[in-house]
Amino acid sequence: MIFVRGAALMMALLVGCTDILNEKPRAIYTPEYFKTENGVYGGLTGMYAHLRYIFGNAYFYNSTLTGTDEATWGASGAGSGFQIFDLSGASPITPSNSDASNLWSNAFPNINTANGVIENATPVGISEALISEARFFRAFDYFMLVQTFGGVPLDLGAGELKFNTSVSRTSVRNTVPEVYTRAIFPDLRLAVDNLPVTARVKGAVTKTTARLFLAKAYLTYGWWLENPNSIPTFPEAERIDPDGHNAQWYFQQAYDVATAAINDPGPYGLMDTYYDVNLGENDRNKEMLLYADHTETSELYNGSSLTYGSGGDADNFAVWMLTWAYPNITASKTDWSAPQTVNPVQREAAQGLGRPWVRMAPPHGIFKNTFADKTNDSRYDGTFATVYRGNWPKAGVANAFLYNANNMQVTPGEPILTFLDEDPATAVDYSNAVYKSSVGAGVLPGRADYVVAPSGVSRLIYPGLWKLGTYRTDNGTGLGQPNAASTRPFNITKFSEFYFIAAEAVVKGAAATAGQSAYDLINVIRARAGKWRWDNNGNVAKVEDNSAAMVAATPAIIDIDYILAERSREYFGEGYRWYDLTRTQKWQDVAASYTICGPGVGDHTPTTVTRNIEKYHYLRPIPQSQLDNMNMTQDQKDAYQNPGYRTTD
């Protein structure tokens, strides 16, 4: 069967961290190759490498966020796939323009690699622990695929879960229950049983990693069986488990597996503060269970250029999409009566800055509802860049100070533009009648920095995504390499998610043990969110423990809506949201409309937009490239395609 790249695997064996493997790239894998130790290690290296072609890729990232309550299209995303995925315009998502196709084209070749390792490694004495890494990745890819597209093929051309080396131009999609019960659950159970507690090398999968995805798969399948809002599935299948279990059984399994990992975490656990989870210098910390790795020390092992990212292949450039054009801010070398303008905030390879593409923007609800508590809860400060400070000396501009808002002087390191936490009592003056801001920001009396209130956030100007921002150690005293893709690992899942999975399972009816109710579990996360050690946007130390206030504000009864809100506070912008909303069938409830200001400079008039979210959108279309590669009639291709995306629809 052809899946874009063909039956034989085409995967460069690259990893971000050379502690994992130093393996030469290989173009084609054969059964004989997998019957050697080098072959198994080579195949495994390719499995880790394939993650970076999916996670950190901005177009797949678009399919996970745009159209949810976390993101809409940004000023530079108008008329593109970013606006299409928002489901608020005339252009529909189609098999040809769907950015979810990136997952399809990269997952199936990796599944075939895993098939080759699993099928051929045992006869040559390869340990089950190593083979279970391949089992994990096969299950992981199938889990991503079944959530995204519905039922997908288990037979790639040589038989179900068999390694395929010949071109096949036919395909049959298995049902959702078949994918879960024949591939995902068996592989993950074996991985839990046989993977080590401690990773064999940094970044390798472990028993805890497998437990996370097994618990999440149980939870997701339980929802699928229950199907509370009658969302259609494809291929059509009864909501009956082949193994005879009901949804409640799977919710209980999700809870049991998740709490087992919480109670026996091995080398993993929660970081002390939310800030430290996402601080660049803390990358690959104990909370990170799986990530697509990168490095600033080698282009070979980074998988992309260290100086200029093109926005494709293995580039980690997702964060560019939610970065606005802050380098367009202007100040003056002289006073504003005779301005000599200069850009006081230069593009820099720093975590709060980076490269701006302005393709996506967060709606007002994120700032007013999701992150309503910006005082006790550290997660707003640990998620967004809201203060843009002067760095012009790094670009060779010698002025000791510049004139900024209200004709007031600013020095390097001081705020040039600030996104306010709340709408102020005194209305922001956005007229730009005297102190002109090239980005359309406003002024408040007595402030030297330009300001934007939450109600003034627009598709053009909005807080940046600090948590995923650029971090490098080779900038020296200059601006570094801000045009390169991020060399940070892209985090795929964290230990903290065990608490959310277990809590959600309890809400769905799982029996909880003493001290680990939904309320207890959520409060572990909320208590941590109340602990500060640094005011990120204030750029000052802040040792403060608001855990008691955070716990006191937690409702006594936890429901799905509250869990979803907490998940967004914890994982905003990390690519979880579309999967969270489709799993719980809450997408239409949560994201059917949003408010934001327009894409023009100085546009600060809030507009409410309605999305046309249909039930068929809960599955993404099978990519057109897949259909084009199959020897089928158009009627057969339509039968293969998900409903709503067919030529006859």
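Conventions used here
- Residues numbered from 1 in each chain as written.
- Predicted model: local features only at pLDDT ≥ 70, side-chain atom pairs only at ≥ 80, totals over all residues.
- Heavy atoms only, no water.
- Axes fitted to C-alpha atoms, helices over the stretch in contact; angles between N-to-C directions.
- Helix = DSSP H or I, 4+ residues; strand = E, 2+ residues; numbered from the N terminus.
- Parallel < 35°, antiparallel > 145°, perpendicular 65-115°, else oblique.
- Left-handed = near helix turned anticlockwise from the far one by under 90°.
- Contact = heavy atoms within 4.5 Å.
- Buried < 20%, exposed > 50% of the residue type's maximum accessible area, 1.4 Å probe, protein only.
- Polar contact = N/O pair within 3.5 Å; in protein donor to acceptor, adjacent residues only side chain to side chain.
- Phe/Tyr/Trp six-rings, centres within 6.5 Å; stacked < 30°, edge-to-face > 60°.
- Lys NZ or Arg CZ within 6 Å of the ring centre and 35° of its normal.
- Salt bridge = Lys/Arg side-chain N within 4 Å of Asp/Glu carboxyl O.
- Core = buried A, V, L, I, M, F, W, Y, C linked by side-chain atoms within 4.5 Å.
- Pairing = 2+ DSSP bridges.
- Expected span 1.5 Å × (residues − 1).

S.K.: Which parts of the structure should I look at to understand the packing of helix H5 (residues 101-120) against helix H6 (residues 128-149)?
M.R.: Helix-helix packing is described using two parameters, namely the angle between the two axes and the distance between the axes. Following both chains from N to C, one finds H5 and H6 inclined at 150°, their axes separated by 9 Å at the closest point. Classified by the angle their axes make, H5 and H6 are roughly antiparallel. At the point where H5 passes H6, the crossing takes the left-handed sense. Of H6, the residues touching H5 (which contributes Leu103, Trp104, Ala107, Phe108, Asn110, Ile111, Ala114, Asn115, Val117 and Ile118) are Ile131, Ala134, Arg135, Phe137, Arg138, Asp141, Tyr142, Met144, Leu145, Thr148 and Phe149.

S.K.: Would you mind showing me how to read unusual backbone geometry here?
M.R.: Trans peptide bonds make up most of the peptide bonds, and negative phi angles are found at most residues other than glycine. Cis rather than trans, the peptide bond between phenylalanine 234 and proline 235 has omega equal to -10°. Residue position: proline 235 is located in the loop between helix H8 (207-226) and helix H9 (247-263). The backbone of serine 230 sits at a positive phi, close to 55°, despite the residue not being glycine. Positionally, serine 230 belongs in the loop between H8 and H9. At asparagine 539, a position not held by glycine, the phi torsion is positive, near 60°. Mapped onto the elements, asparagine 539 comes out in the loop between strand S14 (531-535) and strand S15 (540-545).

S.K.: When you look at the side chain of glutamine 641 in this model, what are you seeing that I'm missing?
M.R.: Residue position: glutamine 641 is located in the segment after helix H21 (634-640). The exposure class assigned to glutamine 641 is buried, which follows from its relative accessible area of 1%. Engagement of the side chain of glutamine 641 in a polar contact is seen with the backbone nitrogen of isoleucine 622, the distance being 2.7 Å. Those residues in contact with glutamine 641 that sit more than four places away from it in its chain are Pro95, Arg173, Phe234, Pro621, Ile622, Leu627 and Arg646.

S.K.: Just to check I follow, could you spell out the packing of aromatic side chains for this structure?
M.R.: One pair of aromatic rings is described through two measures. These are the centre distance and the angle between the planes. According to the stated counting rule, one finds 51 aromatic pairs in the structure shown. On the numbers, 6.3 Å between centres and 85° between planes, the contact of tyrosine 218 with tryptophan 249 is edge-to-face. Pair noted here: tyrosine 218 is in helix H8 and tryptophan 249 is in helix H9, with a separation of 31 residues, a long-range link. For tyrosine 218, a relative accessible area of 3% translates into the label buried. Three or more aromatic residues joined by ring pairs make a cluster, and in this case those are Phe143, Tyr180, Phe185, Tyr218, Tyr221, Trp224, Trp249 and Tyr250. Between the NZ or CZ atom of arginine 355 and the centre of the ring of tryptophan 320, over which it lies, the distance is 4.2 Å. Directly above the aromatic system of tryptophan 578 lies the positively charged group of arginine 620, at a separation of 4.1 Å from the ring centroid.

S.K.: So what exactly am I meant to see when it comes to the pattern of salt bridges here?
M.R.: Close approach of charged atoms lets side chains of opposite charge pair. Applying the stated criterion across every chain, the model contains 32 salt bridges. Here glutamate 566 ties to arginine 379 by a salt bridge, and the two come within 3.0 Å at their closest N and O atoms. Of the two residues, glutamate 566 is situated in helix H17 (residues 560-571) and arginine 379 in the loop between helix H13 (364-370) and strand S6 (384-385); the sequence distance between them amounts to 187 residues. The two residues glutamate 566 and arginine 379 agree in class, both being buried. In this structure, the salt-bridge partner of lysine 586 is aspartate 589, at a minimum N-O distance of 3.8 Å. If you follow the salt bridges from partner to partner, you end up with Glu287, Asp377, Arg379, Arg526, Arg528, Glu566, Arg569 and Glu570 in one network.

S.K.: Looking at this structure, how should I read the environment of asparagine 612?
M.R.: If you trace the backbone, asparagine 612 turns up in the loop between strand S17 (607-610) and helix H20 (624-628). For asparagine 612, a relative accessible area of 46% corresponds to the partly exposed category. Separated by 375 residues in the primary sequence, asparagine 612 and alanine 237 have C-alpha atoms spaced 26 Å apart. With residues up to four places along the chain from it excluded, the contact list for asparagine 612 reads Leu87 and His617.

S.K.: I'm lost on the environment of aspartate 99 in this one. Help?
M.R.: Note that aspartate 99 resides in the loop between helix H4 (81-84) and H5. Placed 411 residues apart in sequence, aspartate 99 and alanine 510 show a C-alpha to C-alpha distance of 36 Å. Discounting residues that sit within four places of it in the chain, aspartate 99 has contacts with Tyr59, Phe60, Asn62, Ser63 and Phe85. In terms of polar contacts, aspartate 99 uses its side chain to reach the side chain of asparagine 62, at 2.8 Å.

S.K.: It is not clear to me how the nonpolar core should be interpreted in this structure. Could you clarify?
M.R.: The nonpolar side chains of a soluble globular protein tend to be buried, and buried together. One finds Phe55, Tyr61, Phe136, Tyr142, Leu145, Ile184 and Trp324 to be the most contacted residues of the largest nonpolar core, which totals 178 residues. Of the residues forming this core, the biggest block, 13 residues, is contributed by H6. Excluding anything up to four places from it in sequence, leucine 145 contacts Leu103, Trp104, Ala107, Phe108, Ile111, Gly150 and Val152. Of all hydrophobic cores here, the second largest spans five residues; its members include Leu420, Leu444, Val451 and Ala453.

S.K.: It is not clear to me how the sheet that holds strand S10 (residues 415-419) should be interpreted in this structure. Could you clarify?
M.R.: The strands making up a sheet associate through hydrogen bonds between their backbones, and the pairing can be parallel or antiparallel. The strand order S7-S10-S11 describes an open sheet built from three strands, whose pairing is mixed. In this open sheet, the two edge strands, each paired with only one partner strand, are strand S7 (387-389) and strand S11 (450-452). Averaged over all pairs of adjacent strands, the angle between strand axes in this sheet comes to 10°, irrespective of strand direction.

S.K.: Help me understand H17, please; the structure alone is not making it clear to me.
M.R.: Along an α-helix, a turn takes 3.6 residues, which lines up residues three or four apart on a common side. For H17, spanning twelve residues, the distance from its first C-alpha to its last is 16 Å, which sits close to the expected 16 Å at 1.5 Å a residue. For H17, the buried fraction is high: ten of the twelve residues fall into the buried class. Among the residues of H17, those classed as buried are Ile560, Tyr562, Ile563, Leu564, Glu566, Arg567, Ser568, Arg569, Glu570 and Tyr571. At the N-terminal end of H17, a side-chain oxygen is found 3.3 Å from the backbone nitrogen of aspartate 561, two or three residues along, and the residue is aspartate 559.

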